[in-house]
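Observations on chain architecture
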Amino acid sequence: MKQEEFDQLIQAQFANDVVNPPAHVEEAVFHTLSVSTRKTKYFGWFISLVVVGFTSLAAWQLVNHPEPDDATNPSNAVPVLLDNTASVPIEGELKGQSNEDASLGLNERSNEAMDETEFILAVPQSTSKEDPSALTEGVQGRILATESTLETISSRPVEAIESNELKNEPELEKEHEETWTLPAKVKVKH
Amino acid sequence: MDAADIEIIELCKKGDPNAQRKIYARYSPLMFAVALRYTNARPDAEDVLQESWIKVFRHIKSFSEHNSFEGWLRRIVVNTAITHYRRNQKHQFQLEISEVHATPNDFEAFKDLDFTKEELAQAIERLPKGYGMVFKMYVIDGFKHKEIAEQLGIDLNTSKSQLSRARKYLQDVLESMSRRANEEH
């Protein structure tokens, strides 16, 4: 008998073996499954409850405690366009004030790094703890003045550039009286 | 796999408890037989069967109907039994390949396999654990050497050598059983 035959005979003897398991195994299997399914379901509910709770809390806070809408709060401030020339008087105005403003540093940097045509996006912040509204009004006035000086253009004019294509094309050269060099382009002038 | 089986499996994938009961009733005897083959005692086989069914229902979504469901179940049981065995015995399957004896290419001693199933089972049970595991996985449950090596955490060549040793050992056991039976008659 060959080794393969021996293997096949052994395999045939055992392959279709069946033995009925005791009933308590079935109960144990389905009990474990139901417990695990219940745990998964409860976990899902718990997560949903947490999400709903946080959402409700956030909504309640928004409704009952609205954040003050003024320029002293940087998060509420509207970003505005400032050009670096307009920032000069602000610097002058702010000199002497005890509280050094972040926008000053920003304007200084813009003076160094940007040329005259560039604009910076800056967020106005309070520079004085005593009277922030006065500064805000001044800044807004200057912003309006700056905006009025801004010119809106739809496109930038570009000067026409003469094409060199025709210049580079080989001309019909007349070396001697009867000899012509090719390739060439013959232009007929009327 | 017939259409009814496919339908039950699809329902099991959706978590239908009735379908789960049906599939359990249908395949448990086969799975328990496999579990008994790979464990030392009946209580161990029951533990393996329970663990295997929980794995089956948790991973049934990954089963593709193009494969054999029975083969898939068989593999789950064997893998669970091996894990169970390792957990309990901390058995190592390492053996030196150089120790392998030459394996006969044919089993001339057995002109016909005139042993009962119980006698064969007894002979297989007498194999050393490492040999027995590889032999049962390869010959009875149709695992490849690569799969056996992965499952048992051994080298591919070790799996091959263990199978050769198992065959040789089984041949000796069956011969001695045959001789004893002849002497009795």
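Here the structure is a predicted model, which is why all the values come from computation and not from measurement.

In this section: the pattern of salt bridges. Under the counting rule described, the total for this entry stands at 14 salt bridges over all chains. For B:Arg37, the salt bridge is made with A:Asp17, and the minimal N-O distance between the two is 3.7 Å. Residue B:Arg37 is located in helix H2 (residues 17-38), and its partner A:Asp17 is located in the loop between helix H1 (3-14) and helix H2 (23-64); the two belong to separate chains. Each member of the pair, B:Arg37 as well as A:Asp17, carries the same accessibility label: buried. For the salt bridge of B:Lys168 with B:Asp172, the shortest nitrogen-to-oxygen distance reads 3.6 Å. Here B:Lys168 and its partner B:Asp172 are both found in helix H8 (residues 156-184), 4 residues apart, which amounts to about one turn of the helix. Overall, B:Lys168 belongs to the partly exposed group, its relative accessible area being 29%. Here the residues in one salt-bridge network are A:Asp17, B:Arg37, B:Glu70, B:Arg74, B:Lys117 and B:Asp141, joined through shared partners.

Residues and elements named next belong to chain B. Here Ser159 shows up in helix H8. We classify Ser159 as buried; its relative accessible area is 0%. Here Ser159 is in contact with Val134, His145, Ile148 and Ile154, once residues within four sequence places are set aside.

On to the nonpolar core. A:Ile10, B:Ile23, B:Trp53, B:Phe69, B:Phe135, B:Met137 and B:Leu170 are the most contacted members of the largest nonpolar core, which totals 59 residues. Setting aside residues up to four positions removed in sequence, B:Met137 forms contacts with B:Tyr38, B:Val78, B:Ile82, B:Gly142, B:Phe143, B:Ile148, B:Gln151 and B:Leu152.

What follows covers the confidence of the model for chain A. Residue and element names in this part refer to chain A. Per-chain confidence: chain A averages 67 in pLDDT, with 42% of residues scoring 70 or above. Confidence, read as mean pLDDT per element, is least for strand S2 (residues 119-122) in chain A (46) and greatest for H2 (88). Low confidence marks residues 86-96, where pLDDT is under 50. Its contacts with residues over four positions away, or in another chain, come to 15 contacts. pLDDT under 50 marks residues 101-106. Its contacts with residues more than four places away, or in other chains, come to 9 contacts.

In this section: the interface of chain B and chain A. Contacts between the two partners involve 41 residues from chain B and, on the opposite side, 27 residues from chain A. Summing both partners gives a buried area of about 3,200 Å² for chain B against chain A, and 65% of it is carried by carbon and sulfur. The tally of links from chain B across to chain A stands at 5 salt bridges. Our count for the chain B to chain A interface comes out at 8 residue pairs in polar contact (both at pLDDT 80 or more). Looking at the side of chain B that touches chain A, the elements that each hand over two or more residues are H2, helix H3 (42-59), helix H5 (117-125), helix H6 (129-140) and H8 of chain B. For the side of chain B that touches chain A, the class distribution of residues is 24 nonpolar, 5 polar and 12 charged.

Each value, and the rule that gives it
Residues numbered from 1 in each chain as written. Chains lettered and ligands numbered in written order. Predicted model: local features only at pLDDT ≥ 70, side-chain atom pairs only at ≥ 80, totals over all residues. Heavy atoms only, no water. Salt bridge = Lys/Arg side-chain N within 4 Å of Asp/Glu carboxyl O. Helix = DSSP H or I, 4+ residues; strand = E, 2+ residues; numbered from the N terminus. Buried < 20%, exposed > 50% of the residue type's maximum accessible area, 1.4 Å probe, protein only. Contact = heavy atoms within 4.5 Å. Core = buried A, V, L, I, M, F, W, Y, C linked by side-chain atoms within 4.5 Å. pLDDT = per-residue confidence, 0-100. Buried area = accessible area lost by both parts, 1.4 Å probe. Polar contact = N/O pair within 3.5 Å; in protein donor to acceptor, adjacent residues only side chain to side chain. Nonpolar A, V, L, I, M, F, W, Y, C, P; charged D, E, K, R; others polar.

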